[in-house]
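Summary of the model geometry
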Amino acid sequence: VDAPPGLLSDVAAVVGPAQVLVDPALTAAYDTDWTGLFRGRSAAVVRVGSTSELSSVLRLCGAAGQPVVLQGGNTGLVAGATPRDGDVIVSLRRLAHLSDPDAGGQLTVGAGTTLAAVQERARAFGWEFGVDLAARDSATIGGMTATNAGGVNVVRHGSMRAQIRGLEFVLADGTVIDRLNRPAKDNTGYDLPDQLIGSEGTLAAISRIRLQLVRPPRHRAVALIGFDSLAAAVATVQLARTGEGPQLQAAEVMFAPGLALVCAYLRVAAPFAQPPQVVLLLEFGGSLDPLGQLADVVAKAPGVGDAVVADDSAGRARLWRYREAHTEMLAAVGPPVKLDVALPAGLLTEGITAMEQAAHGVVPDSQLVVFGHLAEANLHVNVLGADHAREQIADAVLRAVAALGGSISAEHGVGRAKTGWLGLSRSPAEVRVLRGIKRAWDPASLLAAGVLLPAEVSEMNDDSH
Ligand SMILES: Cc1cc2nc3c(=O)[nH]c(=O)nc-3n(C[C@H](O)[C@H](O)[C@H](O)COP(=O)(O)OP(=O)(O)OC[C@H]3O[C@@H](n4cnc5c(N)ncnc54)[C@H](O)[C@@H]3O)c2cc1C
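Residues numbered from 1 in each chain as written. Predicted model: local features only at pLDDT ≥ 70, side-chain atom pairs only at ≥ 80, totals over all residues. Heavy atoms only, no water.

This part covers the overall build of the chain. A count of helices and strands for the chain gives 16 helices and 15 strands. Along the first, second and third principal axes, the C-alpha atoms of the chain reach 70 × 55 × 45 Å. Looking at the chain alone, contacts between residues at least 24 apart form 72% of all its contacts between residues at least 6 apart. Carbon and sulfur atoms make up 53% of the accessible area of the chain, which totals about 19,600 Å². (Helix = DSSP H or I, 4+ residues; strand = E, 2+ residues; numbered from the N terminus. Contact = heavy atoms within 4.5 Å. Areas by Shrake-Rupley, 256 points an atom, 1.4 Å probe, with all protein chains shown as cover.)

Take the sheet that holds strand 15 (residues 378-384) next. Strand order in the open sheet made by the seven strands is 12-9-11-10-14-15-13, with antiparallel pairing throughout. Two strands in the sheet have a free side with no partner beyond their single neighbour: strand 12 (304-310) and strand 13 (337-342). Strand-to-strand, the axes of this sheet are offset by a mean angle of 15°, without reference to chain direction. Note: strand 10 (residues 247-255) against strand 14 (residues 367-373), three bridges, orientation antiparallel. Bridge pairing in strand 14 links methionine 254 to phenylalanine 371. This element, helix 8 (residues 230-242), spans strand 9 (219-227), strand 10 and strand 11 (278-286) of the sheet and lies at about 5° to strand 11. Here helix 9 (residues 256-266) sits on the sheet and contacts strand 10, strand 11, strand 14 and strand 15; the angle it forms with strand 10, its principal contact strand, is near 90°. (Pairing = 2+ DSSP bridges. Axes fitted to C-alpha atoms, helices over the stretch in contact; angles between N-to-C directions.)

Quick look at helix 1 (residues 7-15) now. The set of residues buried in helix 1 consists of Leu7, Val11, Ala12 and Val15. The arc that holds the buried residues of helix 1, viewed along the axis, is 130°, so those residues lie on one side. Where helix 1 is buried, its residues meet strand 1 (20-21), strand 2 (44-47) and helix 3 (51-63). (Buried < 20%, exposed > 50% of the residue type's maximum accessible area, 1.4 Å probe, protein only. Arc of directions from axis to C-beta.)

On to the packing of helix 9 against helix 11 (residues 313-333), then. Relative to each other, helix 9 and helix 11 sit at 80°, their axes nearing to 9 Å. Taken together, the axes of helix 9 and helix 11 lie roughly perpendicular to each other. Note on element contacts: helix 11 touches helix 9 through Arg321, Tyr322, Ala325, His326, Glu328, Met329 and Ala332, opposite Gly258, Leu259, Leu261, Val262, Cys263, Tyr265 and Leu266. Residues that form the contact of helix 9 with helix 11 fall into these classes: 10 nonpolar, two polar and two charged. (Parallel < 35°, antiparallel > 145°, perpendicular 65-115°, else oblique. Nonpolar A, V, L, I, M, F, W, Y, C, P; charged D, E, K, R; others polar.)

Across all of its chains, the model carries one aromatic pair by this definition. In this arrangement the basic side chain of arginine 215 is found over the ring face of tryptophan 127, its NZ or CZ atom lying 3.6 Å from the centre. (Phe/Tyr/Trp six-rings, centres within 6.5 Å; stacked < 30°, edge-to-face > 60°. Lys NZ or Arg CZ within 6 Å of the ring centre and 35° of its normal.)

What follows deals with the pattern of salt bridges. For the structure shown, the criterion picks out 19 salt bridges. For aspartate 387, the salt bridge goes to arginine 390, with nearest N and O atoms at 3.0 Å. Using a relative accessible area of 55% as the deciding quantity, one classes aspartate 387 as exposed. Judged by relative accessible area, arginine 390 falls into the partly exposed class, the value being 22%. (Salt bridge = Lys/Arg side-chain N within 4 Å of Asp/Glu carboxyl O.)

We now examine unusual backbone geometry. The amide bond that connects glycine 334 to the next residue, proline 335, takes the cis arrangement and shows omega of 5°. Position of proline 335 relative to the elements: it lies in the loop between helix 11 and strand 13. The residue alanine 79 is not glycine, and still its phi comes out positive at about 60°. Along the chain, the position of alanine 79 falls in the loop between strand 3 (68-71) and strand 4 (88-91).

Right, let's get into the environment of arginine 121. Positionally, arginine 121 belongs in helix 4 (residues 115-124). Arginine 121 gets classed as partly exposed once you look at its relative accessible area, which sits at 25%. Residues arginine 121 and leucine 98 lie 23 residues apart in sequence; the distance between their C-alpha atoms is 8.5 Å. Sequence-distant contacts of arginine 121, that is, excluding residues within four places in its chain, are made with Leu98, Ser99, Asp100, Pro101 and Leu107.

Among the 35 residues in the neighbourhood of the ligand, the closest are listed as Leu70, Gly72, Gly73, Thr75 and Thr140. At 3.2 Å, a backbone N or O of glycine 151 approaches a nitrogen atom of the ligand. The backbone of isoleucine 206 places a nitrogen or oxygen atom 2.9 Å from a nitrogen atom of the ligand. Here the ligand has 970 Å² of accessible area as a free molecule, and 97% of this is covered by the chains. (Near = heavy atom within 4 Å. Polar contact = N/O pair within 3.5 Å; in protein donor to acceptor, adjacent residues only side chain to side chain.)

Within soluble globular proteins, side chains that are nonpolar generally end up buried alongside one another. Ranked by size, the top nonpolar core spans 50 residues in total, and within it Leu282, Met355, Leu379, Val381 and Ile393 carry the most contacts. Among the elements that take part in this core, helix 13 (residues 390-403) stands out by supplying seven residues, more than any other. Leaving out residues up to four positions away in the same chain, methionine 355 has contacts with Val341, Leu343, Leu368, Leu379, Val381, Val397 and Val401. Val109, Leu115, Leu167 and Trp441 belong to the second largest nonpolar core, which has 29 residues in total. (Core = buried A, V, L, I, M, F, W, Y, C linked by side-chain atoms within 4.5 Å.)

Taken over all residues, the pLDDT of the chain has a mean of 94, while the share at 70 or more is 98%. In this model, residues 458-465 is a region of pLDDT below 50 whose contacts with residues beyond four sequence positions or in other chains number one contact. (pLDDT = per-residue confidence, 0-100.)

Turning next to the sheet that holds strand 3. Strands sit in the order 1-2-4-3 across an open sheet of four strands; the sheet is mixed. Pairing within the sheet leaves two strands with one partner each, and these edge strands are strand 1 and strand 3. Sheet topology places strand 1 next to strand 2; two bridges connect them, and they run antiparallel. If you follow valine 20 over to strand 2, its bridge partner there is valine 46.

See below:
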């Protein structure tokens, strides 16, 4: 599907012809999502270089009735940045400027700045960014804001929402709204930046972000601890959260099948001679050496089989690699059916059993690889060996999660991949309010059509004409 006549040349006059890609060889990387499972054929990729270019491009697309999909690093795992055939992709990666942090640890970054660039700038000034995740070299702060990304330090610092002080954003008609440097207290009605956090590109384009950094702990230590039950690992996290002194920075869980696949993929030795069923990664940090605290937790924890500890940076990175390599290993051996669920805290063991039963009910010999953020009971559930029944597996597992009162998407968002199941986590009344919010921000419904909210019956009928 082509863009309306004249639109792309008008857009090229704004951003320069070199920043408008239409050659399929060049657009392919933008048209396909990170998992390789979702793709569309965009009418063009427009690489904007400033807020004012972004504003002009959205104004031109809006006036021409041209649907737009916003894209950052394209590492999202629910196809929210993947176009439908004929959409224009507006890529924000060139908005990659960032300021130095001020004395209070705040800095302003362009939406296309990568997480790794922010981490590097923060470190150079004695600060740290409170969110970390394995896609750091490509994921952009704009995309992470639009998905309210979580990651491995949520137990310590919260998700993206907790790091954001203000936003500049551009409405679908090109209007720029600057809420970057708002006062610390400002109760003048609905909080618009807050609505954009987690909006998945459906409401407006985020162009700049004001971030609050945190002070890094002077000392860190990481332990991998083996257990024979998930309940023992959960009890250990509780123990690790309650002590005084160095604080828990991360509490990640892995299981024997996933760890074995990671070791084979990385060609590294397993961390334990006798592989335990459940492996917990704990990281502590503080102004005092956390090794004593870690040893204390390991000594008091129930059902500990084995443990390895590292406090130097190479040793810590080596232990983290077992956990972080799960996603890339799965992409290499899969792609799996990827699900990202949250369970009620007390129902983790029951939840895993229910998900296994649900998946095996559809494909008896499918394999579940589970890992995730244990403090938030957030599990990444990957089902291998179910290529021929992806939708049915997802449906069965997500229904099992919803039946236990869990969330069908804990931190990845809904995107295009999970819209069909939104109703399992949100009531009809809530979906009505979400639709109202969408209409208020983007009345012509030009941004990210089909992302987050399922098409309404009337829209589906329109599409079929
Ligand atoms: C190896 C790996 C590990 C990951 N680990 C985690 C994890 O631990 N925790 C976690 O939460 N996520 C994780 N993710 C997924 C995570 O959501 C993305 O990495 C990141 O948040 C998306 O950033 P992006 O720039 O790639 O966004 P994209 O993929 O480009 O876009 C994501 C969504 O945001 C929208 N969007 C992008 N930029 C903007 C903007 N400027 N304004 C408005 N909307 C915009 C898009 O339209 C889309 O809906 C992981 C992904 C990978 C590949």
